[in-house]
Amino acid sequence: VSPSEVNLEVGETFLLTATTKPANATNQGVSWISNKPEIATIDNDGLVTAVAAGAVDVTVATDDGGYNSSARINVSGGVPPEVSVYNVVVSPSEVTLGLGETFLLSATPKPSNATNQIVSWFSNTPEIASIDATGLVTAAGLGATTVTVTTVDGGYQASARVTVVAAAQSSDISMYPIPATGKLNVDLSTLMGKEVEIKLYNQSNKLLETFKVDQNHQEVNELILENYPKGYYYLLFQTDENVSAKPIIIN
């Protein structure tokens, strides 16, 4: 087939040439076929007509012996054909964040040239880790959760595991006595006039209890912890503006 590759605009035509070997073969009849006639068609004479943007192979086959040869037709212009999504991948699949940290997850629809690559994000437990429309994860509370991306085209999903640990320590909040013996005094003098939510977690990041202090709180506030066994715990302090954590020992 000559030429072996042709570039056309939508609506253009081109006459391919098929040469049988040897030149003196008795039966020189051939037939043509396009593997994607929605992109480019070809008639019995080898005349190619560009229909839509894309790439296609057209093949000629000899009547005698069925020998075949192909040419590549590249068509540009017009409205490109729609490419459907068949999968989506999240990267990375696991991430560990300190309290208050952020991380941008990446979602890649497959194939890479899919027409509609729009996705949406969802967090199973936004109080542990929230996620916005761009895939930005914000660590809001201790624990682990799953965030999921869904493609608009086809509804394909993929997930990532987000674990939040108490890496952010607050030097603005003091507590006594440490170890705590049933009661713990917490100095919130740096947070006067602000509502404070205090959450108690064990070492497995399991939420045990939530204490809520209104904006008219005293400088020093007492927490009753006598129902908890000896061990290491975390207190998470959260306001409308920030979040922080401190370790404690209950004795």
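See the structure printed just above.
Bear in mind the structure is a predicted one, so any value in this text is a computation, not a measurement.

**Remarks on the sheet that holds strand β2 (residues 13-15)**
- One open sheet holds the three strands; their spatial order is β2-β5-β4, and the pairing between them is antiparallel. The sheet is open, and its two borders are formed by β2 and β4 (40-42), each paired with just one other strand. Across the sheet, the mean angle from the axis of one strand to that of its neighbour is 20 degrees, orientation sign disregarded.
- Pairing geometry for β2 and strand β5 (residues 47-50), over three bridges, is antiparallel.

**Let's talk about the sheet that holds strand β17 (residues 174-176)**
- Taken in spatial order, the three strands line up as β17-β18-β21 in an open sheet, and their pairing is antiparallel. With partners counted over all chains shown, the strands left at the sheet margins are β17 and β21 (220-224), one partner each. The average undirected angle you get between the axes of adjacent strands in this sheet is 25 degrees.
- Sheet analysis places strand β18 (residues 183-187) next to β21, joined by five bridges and oriented antiparallel. The residue bridging aspartate 187 from the neighbouring strand is valine 220, located in β21.

**A closer look at the side chain of lysine 246**
- With respect to the secondary-structure elements, lysine 246 resides in strand β23 (residues 243-250).
- An unpaired buried charge is present at lysine 246: no salt bridge exists, and aspartate 172, the closest side chain of opposite charge, is 8.8 Å distant.
- Polar side-chain contacts of lysine 246 include one of 3.5 Å to the backbone oxygen of isoleucine 173.

**What about the nonpolar core?**
- Among the nonpolar cores identified, the biggest contains 24 residues, and Leu99, Leu105, Val137, Val162 and Val164 are the most heavily contacted of them.
- When residues of this core are traced back to their parent elements, those giving at least two are β8 (87-91), β9 (94-98), β13 (129-131), β14 (136-139), β15 (143-151), β16 (157-165) and β23.
- Tallying contributions element by element places β16 first for this core, with four residues.
- Residues within four places of valine 164 in sequence aside, it is in contact with Leu97, Gly98, Leu99, Ile128, Ala129, Ala139, Gly141, Leu142, Gly143 and Asn205.
- If you look at the next biggest cluster of nonpolar residues, it comprises 20 residues, including Ile173, Ala180, Leu188 and Tyr233.

**A closer look at the pattern of salt bridges**
- Evaluated as defined, the whole model comprises four salt bridges.
- Of the charged contacts, one joins lysine 199 and glutamate 197 as a salt bridge, the two residues approaching to 3.6 Å between their closest N and O atoms.
- Among the residues examined, glutamate 197 registers a relative accessible area of 22% and is labelled partly exposed.
- Lysine 212 is the partner of glutamate 197 in a salt bridge, and the nearest nitrogen-oxygen pair spans 3.8 Å. Taken as a pair, glutamate 197 in strand β19 (residues 196-202) and lysine 212 in strand β20 (residues 207-213) lie far apart in primary sequence, 15 residues in all.
- Classification of lysine 212 as exposed rests on a relative accessible area of 69%.
- Among the charged side chains, a salt-bridge network with shared partners connects Glu197, Lys199 and Lys212.

**Describing the packing of aromatic side chains**
- Scanning the entire structure with this criterion turns up one aromatic pair.
- Taken together, a centroid distance of 6.3 Å and an interplanar angle of 65 degrees make the contact between tyrosine 228 and tyrosine 233 edge-to-face.

**Some thoughts on the pairing of β19**
- Along β19, six of the seven residues are buried, which leaves the element largely enclosed by surrounding structure.
- Note that β19 and β20 share six bridges and pair antiparallel. Looking at the pairing, valine 196 lines up with valine 213 of β20.
- Two successive antiparallel strands, β19 and β20, enclose a turn made up of four residues, where asparagine 205 displays a positive phi of approximately 65 degrees.
- As defined by bridge partners, β19 adjoins strand β22 (residues 231-238) across six bridges and the pair is classed as antiparallel. Bridge pairing in β22 places tyrosine 201 opposite tyrosine 234.

**Comments concerning the environment of leucine 97**
- Mapping leucine 97 onto the fold places it in strand β9.
- In this structure leucine 97 comes out as buried when scored by relative accessible area, which is 4%.
- When the C-alpha positions of leucine 97 and glutamine 28 are compared, they lie 72 Å apart, and in sequence the two are 69 residues distant.
- The residues touching leucine 97, leaving out its near neighbours within four places in the chain, are Thr102, Phe103, Val137, Ala139, Val162, Thr163, Val164 and Val165.

Rules used in this analysis
- Residues numbered from 1 in each chain as written.
- Predicted model: local features only at pLDDT ≥ 70, side-chain atom pairs only at ≥ 80, totals over all residues.
- Heavy atoms only, no water.
- Pairing = 2+ DSSP bridges.
- Helix = DSSP H or I, 4+ residues; strand = E, 2+ residues; numbered from the N terminus.
- Axes fitted to C-alpha atoms, helices over the stretch in contact; angles between N-to-C directions.
- Buried < 20%, exposed > 50% of the residue type's maximum accessible area, 1.4 Å probe, protein only.
- Lys, Arg positive; Asp, Glu negative; His and termini not counted.
- Salt bridge = Lys/Arg side-chain N within 4 Å of Asp/Glu carboxyl O.
- Polar contact = N/O pair within 3.5 Å; in protein donor to acceptor, adjacent residues only side chain to side chain.
- Core = buried A, V, L, I, M, F, W, Y, C linked by side-chain atoms within 4.5 Å.
- Contact = heavy atoms within 4.5 Å.
- Phe/Tyr/Trp six-rings, centres within 6.5 Å; stacked < 30°, edge-to-face > 60°.

Functional significance is not addressed by these values, which are geometric in nature.
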